[in-house]
Amino acid sequence: MNLAYKILKAHLKEGELVPGTSIAIEIDQTLTQDSTGTMAYLQLEAMDVGHVAVKKAVAYIDHNMLQTGFENMDDHEFIRSVAKKHGITFSKPGNGVCHQLQLENFSKPGETLVGSDSHTPTCGAMGMIAIGAGGLDVAVAMATGKYYLSCPSVLQVNLVGKRNPLVSAKDVILAILQKLSVKGGVNKIVEYTGEGIKDLTLTDRATICNMGAELGATTSVFPTDEQTLAYLKQQGREADYKEMVPDVDATYDEYLEIDLSTVVPMTAKPHSPDAVVPVSELEGMHINQVVIGSCTNSSLPDMLHAAQILKGHKVAEHVSLVIAPGSSSILAMLASCGALADMVHAGARILECGCGPCIGMGQAPLSKGISLRTINRNFKGRSGTNDAGVYLVSPEVAALSAIKGYMSCEFDDGFTLDPVPYTPFVKNPNFFISDYDPDNTVYMGPNIKPVPRGEKLTDTITGRVTLKVGDNISTDHIVPSDSKLLPFRSNVPHLAKFSFSKVDPEFYDRAVAYGGGFIVGGDNYGQGSSREHAALVPNYLKIKAIFAISFARIHRSNLINNGILPLVIDQSDYDFFNDQDSYRLDDLLDAVANNKDITVTNENTNESITAHLSLSEREKVMIQYGGLLNAIKELGGDF
Ligand code: MIC
Ligand code: SF4
C-alpha cells in the first residue's frame, strides 16, 4: 500500500478506498483562516454544537490584516469569541500565515488535517493527509470529526538525481506544474518517492506540497525520515515523530519521474501558475516590484537565503522590495541573528507576518507593472492591479532580481548559499490563545450578515445564461479578493456586487435582472482558492446550476454544499448555450435521486442536449434540501 492510502485507511469511517467513490475520513486537526473563517464559524454556530470533536482546531488570522475600517477587526473579534466558545485555539493577527504556523506548531506524521484554505496540503510535508475544503465542510469536520470526499487516485512522483545548489524547491514544483498543468492533479493525491527526497528539507517539501494546490490535487504527501525528525527537533516536538513510509511493494495509479539534476530556476508567467518557463529565457526583463513571502516561501531557510543574497547590496532604485516572514518566530529569529538588519539595510520593506500582497492586501503593483513574487498564484488582477504582470519565482531569484533591477538567475561565479543551521526555534506562545468557555458570548459586528440559504430542489428549472466563460476560471474571477473586498467576506450581499467584475462588469446587474439563471464555463471551472463565497454569492443571486466541461474539486463541493447543481457538459455542447435564449431543465427530482442525465432544452429553438450529474448519496440529499446547512437543520449533523 502507498503512504497516502495507509493514512486514509487508518482514518476511514465510511466507504472503501476505491478511486472516484465517496468516502468519509476521521479528522484529527482542522484549521481556518479569517477570510473563510467568518462564514465557517457562522455555519458552525448554526449547527448548535459544543466543544469541537477534533483533537486540535486552530483559527488563524492572517488574511484580513489591513484594518482600514472596522470590518476586519469585527471579523477578528467574532472569530476570537467563537473559538473560545468551542475550544478552538486562536492565533492572533501578527502571528503569521496559517500553513507556516500549522507546520511549525501542530503538524504530526500520520494525522489528518482539513482546512478552509486551498493550501492546507502544505502539511503533507510532515507525512500527513492535509486537505483544503470549503468553510462549511470544515465546520462539519469540527462538529462531527468527519470529512467527506471523493476517494482520490494516487500519482507517484519519483524524484531522482540531485539538485544543483542554486535550484530551489520552488523550481521543482514549477517544473512539475509545467509538465502537469493546473488541472493535472484533480482528484489525485501526489505522493513523492525516490532518492531525490533525501536532500529536500522539510520546508522544501512544504513548498512543493503547498503548490500541489496549483495542480488541482486533493493533496500531496511526503514520507517521513531524518529530515522530518530534524525539523521536529528544531520545533521542540521530537516526540511527535513517527515513521510514515509506503510499503516496499506499494502500487500507484500513475507515475511521473523528475530528474532533479535537470531542473533549472523557473518562473510562471502571467496569468497562470502553469505558464512556466526557465528564468534564463527572461533574463534581463525590467521589473518594478519584488515580493518575498506567502505560505509557499516564507520559511526560515527562505528568509535566510534572501537575506544572504541581499546582504551588503542595494535594492535597485526603481524596485520596491517587500518581505513578509511566515511566522512571528521566524521574524524574531531573523531579528536576533542579524538577517533582518541585512534585509532592511539593502532597502527591503518589512511587512507584518501574514498573507499580505499574496491576496492583494496592499502592495498592489503600479499600472502595467511587473512584479516578481514568491507566492503560488498569479491570476489576473489578484495583485490588486488588473493590468500588472505577476511572475512566480523562488526567493533566491526574487532577491537577486531585486538587487539587479531585472529578472535574473545569474549569480556571481563561485556564489554559494550558506547551509541553514537547525537552530532551535524561538517559540512565541503569546500569539496563541487556547481558552474554552462554552458560555462565552459571541461578538457580532455590523459587518457580519447571515449566511445565504438555498431552496429545496424543484422538478423543473428555467432561466437564461447570465454569463458564459472559458477554461480555467478561478474563484478569484468569480469572487475577487483585494484590500477593498476582503473586509466583506462576512457580508455576501456586498460581495455579490463585485462577482465576476473583472471578467464582465455587468454580471451582477444581469443576474439580478434575470433572477439568477445559469452560468456556463469551460474546463476546470472554479480552480484555485477554497473560498466558498464563489458558491455563496451565486446562491445569494439565485443561480441554480452551473454548466461546465469540468469542475475543480473544492469548488464543485462548495456548489453542492450550497444546493447549486454542477452539471458537466460535453465539449461539443459548449456552443449550445448563448446569451439570448432561455433554457429548461426537466425531471430534476428523478435525475438527482438516480444520477440520471439531465435534458437541457433551449426553449426558443426546442433543441436539446444532455448534461451529466454524478452525486454521492450524501450530495444528493444536499441538492434536494437546497444545501448542506438546510440538510443538517432538517436531518441532523450525521445524515
Ligand atoms: C488564496 O490563496 O486564494 C486564499 C485567499 O488563501 C484562499 C482562501 C480565500 O479565498 O479566502 C485559498 O487559497 O483557499
Ligand atoms: Fe495566504 Fe497567499 Fe497562502 Fe492564500 S496563498 S493562504 S493568501 S499566503
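Residues numbered from 1 in each chain as written. Chains lettered and ligands numbered in written order. Predicted model: local features only at pLDDT ≥ 70, side-chain atom pairs only at ≥ 80, totals over all residues. Heavy atoms only, no water.

### Observations regarding the site of ligand 1
Thinking step 1. Contacts to ligand 1 come from 14 residues, most closely from Ser-35, Asp-117, Ser-118, Ser-530 and Arg-531.
Thinking step 2. Interatomic distance of 3.3 Å between a side-chain N/O atom of Gln-33 and an oxygen atom of ligand 1.
Thinking step 3. The contact in question runs from an oxygen atom of ligand 1 to an N or O atom on the side chain of Arg-377, over 2.9 Å.
Thinking step 4. Assessed atom by atom at 2 Å from the grid points, ligand 1 resides in the largest cavity.
Thinking step 5. Class assignment for the residues of the shell around ligand 1 results in one nonpolar, eight polar and five charged. (Near = heavy atom within 4 Å. Polar contact = N/O pair within 3.5 Å; in protein donor to acceptor, adjacent residues only side chain to side chain. 1 Å grid on protein atoms, 1.4 Å probe; cavity = no way out; pocket = protein on both sides within 12 Å on 5 of 7 lines; lining within 4 Å. Sits in = over half its atoms within 2 Å of the grid points. Nonpolar A, V, L, I, M, F, W, Y, C, P; charged D, E, K, R; others polar.)

### Notes on the site of ligand 2
Thinking step 1. Ligand 2 sits among His-63, His-99, Asp-117, His-119, Ser-294, Cys-295, Cys-355, Cys-358, Ile-359, Asn-376 and Arg-382.
Thinking step 2. Judged by the proximity of its atoms to the pocket grid, ligand 2 belongs to the largest cavity.
Thinking step 3. Among the residues making up the shell around ligand 2, the classes are represented as four nonpolar, five polar and two charged.

### Considerations on the nonpolar core
As a rule of thumb, soluble globular proteins bury nonpolar side chains together.
Thinking step 1. Ranked by internal contacts, the top residues of the largest apolar core, which has 105 residues, are Tyr-525, Phe-547, Leu-565 and Phe-577.
Thinking step 2. With sequence-adjacent residues up to four places away left out, Phe-577 is seen in contact with Val-465, Lys-468, Val-520, Phe-547, Ile-569, Tyr-583, Val-600 and Ile-609.
Thinking step 3. Grouped together as the second largest cluster of nonpolar side chains are 51 residues, Leu-101, Val-167, Leu-256 and Ile-258 included. (Core = buried A, V, L, I, M, F, W, Y, C linked by side-chain atoms within 4.5 Å. Buried < 20%, exposed > 50% of the residue type's maximum accessible area, 1.4 Å probe, protein only. Contact = heavy atoms within 4.5 Å.)

### Examining the environment of Ile-473
Thinking step 1. Along the chain, Ile-473 turns up in the loop between strand S21 (461–468) and helix H13 (475–478).
Thinking step 2. Residue class for Ile-473 comes out buried when judged on its relative accessible area of 7%.
Thinking step 3. Taking C-alpha positions, Ile-473 is 25 Å from Thr-601, a pair spaced 128 residues apart along the chain. (Helix = DSSP H or I, 4+ residues; strand = E, 2+ residues; numbered from the N terminus.)

### Regarding helix H10 (residues 328–337)
Thinking step 1. Within H10, the full set of buried residues consists of Ser-328, Ser-329, Ile-330, Met-333 and Leu-334.
Thinking step 2. One or two steps after H10, the chain reaches Gly-338, where phi turns positive at roughly 95°.

### As for the packing of helix H17 (residues 553–561) against helix H19 (residues 617–625)
Thinking step 1. Two numbers describe how H17 lies on H19: the axes approach to 8 Å, and their chain directions differ by 50°. Looking at the two axes, H17 sits oblique to H19. The residues of H19 that touch H17, namely those facing Arg-556, Ile-560 and Asn-561, are Glu-619, Met-622 and Ile-623.
Thinking step 2. Grouping the amino acids of the contact of H17 with H19 by side-chain chemistry returns three nonpolar, one polar and two charged. (Axes fitted to C-alpha atoms, helices over the stretch in contact; angles between N-to-C directions. Parallel < 35°, antiparallel > 145°, perpendicular 65-115°, else oblique.)

### Focus on the pattern of salt bridges
Once their charged atoms are close, side chains differing in charge can pair, the charge on each being opposite to the other.
Thinking step 1. Enumeration according to the criterion identifies 27 salt bridges in this entry.
Thinking step 2. Among the salt bridges present, the one from Arg-80 reaches Glu-77, with a minimum N-O distance of 2.8 Å. Separated by three residues within a single helix, Arg-80 and Glu-77 lie in helix H3 (residues 70–86), roughly one turn from each other.
Thinking step 3. A residue is classified by how much of its surface remains accessible, and Glu-77, at 24% relative accessible area, is partly exposed.
Thinking step 4. Measuring nitrogen to oxygen at the nearest pair gives 3.6 Å for the salt bridge that ties Lys-456 to Glu-634. Here Glu-634 lies in helix H20 (residues 628–635) and Lys-456 lies in the loop between strand S20 (432–433) and S21, a separation of 178 residues in the sequence.
Thinking step 5. Linked through salt bridges whose partners overlap, the residues forming this network are Asp-28, Lys-55 and Glu-111. (Salt bridge = Lys/Arg side-chain N within 4 Å of Asp/Glu carboxyl O.)

### Some details on the layout of surface pockets
Thinking step 1. Computed from the structure, the largest pocket encloses a volume of approximately 690 Å³.
Thinking step 2. If you trace the largest pocket, you find 35 residues lining it, with Arg-163, Asp-199, Thr-201, Asp-204 and His-305 closest to the centre.
Thinking step 3. Counting residues per element, the ones that place at least two in the lining of the largest pocket are helix H6 (169–180), helix H7 (202–210), helix H8 (226–234), helix H9 (300–310) and helix H12 (395–404).
Thinking step 4. Tallied by class, residues from the lining of the largest pocket come to 15 nonpolar, 12 polar and eight charged.
Thinking step 5. Listed by contribution, the elements that provide at least two residues to the lining of the second largest pocket are strand S8 (146–150), H17, strand S24 (565–568) and H19.
Thinking step 6. No other element matches the five residues that H17 contributes to the lining of the second largest pocket.
Thinking step 7. Its residues placed into classes, the lining of the second largest pocket shows 12 nonpolar, 11 polar and five charged. (Points joined across faces, edges and corners; volume = space filled by probe spheres on them.)

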